[in-house]
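One letter stands for each residue in the lines below.
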Amino acid sequence: MIDMADQLPTAPAPIAALREAGVSVWLDDLSRERIATGNLGEVKAEKSIVGVTTNPAIFAAAMGTGTHYDDQLEELKLAGTTADAAVYAMSVKDVQDACDLFRDTYDTTGGKDGRVSIEVDPRYAADEAKTIAQARELWDQVDRPNAMIKVPATKGSLPAIEDALAEGISVNVTLIFSVARYREVMGATNPANADAGTIRKEFAVSVGENSVHGSDAPETAKEEIAFFFSGLELVG
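Reading the values: rules and limits
Residues numbered from 1 in each chain as written. Predicted model: local features only at pLDDT ≥ 70, side-chain atom pairs only at ≥ 80, totals over all residues. Heavy atoms only, no water. Helix = DSSP H or I, 4+ residues; strand = E, 2+ residues; numbered from the N terminus. Buried < 20%, exposed > 50% of the residue type's maximum accessible area, 1.4 Å probe, protein only. Polar contact = N/O pair within 3.5 Å; in protein donor to acceptor, adjacent residues only side chain to side chain. Contact = heavy atoms within 4.5 Å. Arc of directions from axis to C-beta. Salt bridge = Lys/Arg side-chain N within 4 Å of Asp/Glu carboxyl O. Pairing = 2+ DSSP bridges. Right-handed = clockwise from strand over helix to strand, strands pointing away. Core = buried A, V, L, I, M, F, W, Y, C linked by side-chain atoms within 4.5 Å.

1. Observations concerning the side chain of S170
Tracing the chain through its elements places S170 in the loop between α9 (158–166) and β5 (171–174). Its relative accessible area of 17% is what places S170 among the buried residues. A polar atom in the side chain of S170 sits 3.1 Å from the side chain of R115. Discounting chain neighbours no more than four positions away, the residues touching S170 are R115, W139, A147, M148 and I149.

Right, dumping it as structure tokens:
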């Protein structure tokens, strides 16, 4: 008798190894073509992909090639939709469809994975009011529990991140390109000592339940590394 499990495609060895180690592998790409051709479903099933992130550059590349957006683009043109609004309308449709595809992953992982992000306009990065307004708008338009609104961790957008989280909007904080910036966004390990507007100040309960993982200084990083890892596990 042939075991049908042996006939099923499996994830590439490196990705499978990451999965076995408890790492969630997400795809940083999305297009109407991926969805329409079934490719997105294939990479989800065959390569252990458990979520999707997007950004304006990804959608610009997707919309600039092929014909998969033509029908919706023609409808938007006839409706007199502006260029910016048309781009977001098409992006929202892709994110909705991707959210539906990954809804089972979202449900089975209790919301840990199975999410799909859409980013606010990066031109609003220094404008708190415009950032939170568009975050709310995109959250309402996508209208999926497993959507995430991508907001840059610029100084101007930090209050918008705080407001969005407080309103129950799932946020993917992006553009954190240094350890120092990450520490600035998350705040001190003890929420009582964290600065106003940081994640830990607004949402953490205690040192033990401080909302986000990460050390707040080189000294505490050394303490945490020594606690979690033996010397044999450290490299360099």
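2. Describing helix α3 (residues 39–46)
If you check which residues of α3 are buried, you get L40, V43 and K44. Seen along its axis, α3 keeps its buried residues to an arc of 105°; they face one direction. Those residues of α3 that are buried lie in contact with β1 (25–27), α2 (32–36), β2 (49–52), α6 (83–101) and α7 (103–108). Positive phi appears at S48, one or two residues downstream of α3, with a value of about 60°.

3. What to know about the pattern of salt bridges
If you walk through the whole model with that rule in mind, you get 10 salt bridges. Note that R32 and D94 form a salt bridge whose closest N and O atoms lie 2.4 Å from each other. In this pair, R32 is assigned in helix α2 and D94 in helix α6, connecting sequence segments 62 residues apart. Exposure class is identical for R32 and D94. Each is buried. Among the ionic pairs, D104 bridges to K44, the shortest N-O distance being 3.2 Å. Of this pair, D104 sits in helix α7 while K44 is found in helix α3, placing the two residues 60 residues apart along the sequence. Take D104: its relative accessible area is 42%, and that puts it in the partly exposed class. A cluster of three or more residues bridged by salt bridges with shared partners is formed by D84, D121 and R123.

4. A short note on unusual backbone geometry
The backbone phi angle of S48 is positive, close to 60°, even though this residue is not glycine. Relative to the helices and strands, S48 resides in the loop between α3 and β2. According to the relative accessible area criterion, S48 is buried, its value standing at 13%. Of note, the phi angle at D143 is positive, near 55°, even though the residue is not glycine. Checked against the element boundaries, D143 lands in the loop between α8 (128–142) and β4 (147–152).

5. Re the pairing of β5
Remark: a regular strand shows side chains that alternate across the two faces of the sheet. In this sheet, β5 lies alongside β4 in parallel orientation, the contact comprising 4 bridges. Paired with K150 across the strands is N172, a residue of β5. At this point the chain moves from β4, through α9, to the parallel β5, and the crossover so formed is right-handed.

6. Here's the deal with the nonpolar core
Counting residues in hydrophobic clusters, the biggest one holds 36 residues, and the most contacted among them are L30, L40, V95, I118 and I149. For L30, the residues in contact, after removing those within four places along its chain, are I35, L40, V52, T54, I58, F59, A62, D94, V95, A98 and V116. Core analysis: the next-biggest nonpolar cluster, separate from the first, contains 5 residues, A62, Y69, L76 and M90 among them.

Nothing here speaks to function; it is geometry throughout.
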